[in-house]
Each structure stands twice: as structure tokens, then as C-alpha cells.
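Tertiary structure, described
The chain contents come next:
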Amino acid sequence: MLICGCGNEGKKITYDIIIPDERIFTFEDLEEIGFKKNRQYDVSKLEGAKEAWNGFWSPDKKQKEYELRFYPSHSVAVASGESFAEEVTGKDAKLKKSEVTWEEGIKDRRQIIGREGGSRNSVGPKHGNYAIFANIVMLCEGPEELSLEVCWKLITVLKSKE
């Protein structure tokens, strides 16, 4: 699956959502590149996952929030983690505990996006998209059309890691 966006010169930029890589990353690998943890989640009800974290990383000096879910392999991340990621990202994201398969961290996946009719705040998804790179399912901050680019900034740094 591919998502397209427009670059600075009006050229279409394409980002893959699923990026196979047989390396196995740990949270410590992310800390080595400057990822800052906010909280760790209980993954006992997140099928196949070994651990999951909410935290921040600053690509291009702009801090972005990520939810990172670590699996034993890329194939397990895709098979077990993709449906959980799809459920809580994008314009149709489920944001209530009663709607989601995995409730842990649901409050961290919501953000106030404005006012409805001038009286009430409207809530929307914090993570517009996700990517699966190696054994990591990444939920990335931003509107749907920009969040995959945020994922790819992290992926690019991880790809260059030896």
C-alpha cells in the first residue's frame, strides 16, 4: 500500500506503509537515536506484541509524538499488529474505549482538534497514519496526509543504523 503527498516542488512523493526488514529493533535502539520515552504500555492484550511505548522524537528539530509497538519479527508485526494500527489511525480512527480492540493508551491517541459549533471541543486522532518497519509498528503524529512522512523520517534513520 502506498500513500502519496506533494513535495516542495509539487512532485508526488510516495511512502510505503509496510517496509520489510529482517532486523529486530528494541526500544534501546530508539533511545540511541534520541527517542524520548513518555510511557510504556501493558501489552498483555495486544496480540503478539513484546512491548509498546509512547514517546517523542525530533526530526528536523520539530518534536513529534509516536506510539511504537515492538513485535518478535516483521512478519508477526504485519500479521498481528496491522489491524490494531488501522483501527486507531486516520480519519475513521476509533477513539473510545468501547470501540477499540486494545484499550491501553487510548487517551494518548486523541487530541482536541477544534470547536464544534462554537460550544464544544471536538476530539480527533493524534496519529493520522502508521507504518510497519522491521519489527516495529509505528503510529505517527499529524494529519493523515503528513503523518506517514513523520514515520518515514524515523524509518530513514533506523535504516541507516548498522
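So, here is what we can say about the structure in this document. Remember, it's a predicted structure, so these values are computed and weren't measured experimentally.

Rules used throughout
Every chain's residues receive numbers from 1 upward, in the order its sequence appears when written. Side-chain atom pairs in this predicted model are given and counted only at pLDDT of 80 or more, local residue features only at pLDDT of at least 70, and totals for whole chains, interfaces and linings cover all residues. Side-chain measures were taken over the full set of non-hydrogen atoms in the model, leaving aside hydrogen atoms and water. For every residue, the accessible area obtained with a 1.4 Å probe (protein chains only) is divided by the maximum for its type, and the residue is called buried under 20%, exposed over 50%, and partly exposed between those limits. Helix and strand definitions follow DSSP, with helices as H or I runs of at least four residues and strands as E runs of at least two, each counted in order from the N terminus. DSSP calls a pair of strands paired once it identifies at least 2 bridges connecting them.

Most of strand 5 (residues 51-57) sits inside the fold, with six of its seven residues counted as buried. When strand 4 (residues 36-41) meets strand 5, the two strands line up antiparallel, connected through five bridges. In the sheet register, R39 faces strand 5, and the bridge partner there is N54. One ladder, built from seven bridges, connects strand 5 with strand 6 (residues 64-70); its direction is antiparallel. Within strand 6, the residue paired with A52 across the bridge is R69. Hairpin connection of strand 5 to strand 6: six residues between the antiparallel strands, including D60 at a positive phi of 55°.

A separate point is unusual backbone geometry. Here the phi dihedral of K61 falls at roughly 65°; this positive angle occurs in a residue that is not glycine. Its place among the elements puts K61 in the loop between strand 5 and strand 6. By relative accessible area, K61 is classed as exposed at 81%. We note that A134 has phi near 55°; this positive angle belongs to a residue other than glycine. By secondary structure assignment, the location of A134 is in the loop between strand 9 (127-133) and strand 10 (136-141). Here A134 falls in the buried class, since its relative accessible area comes to 0%.

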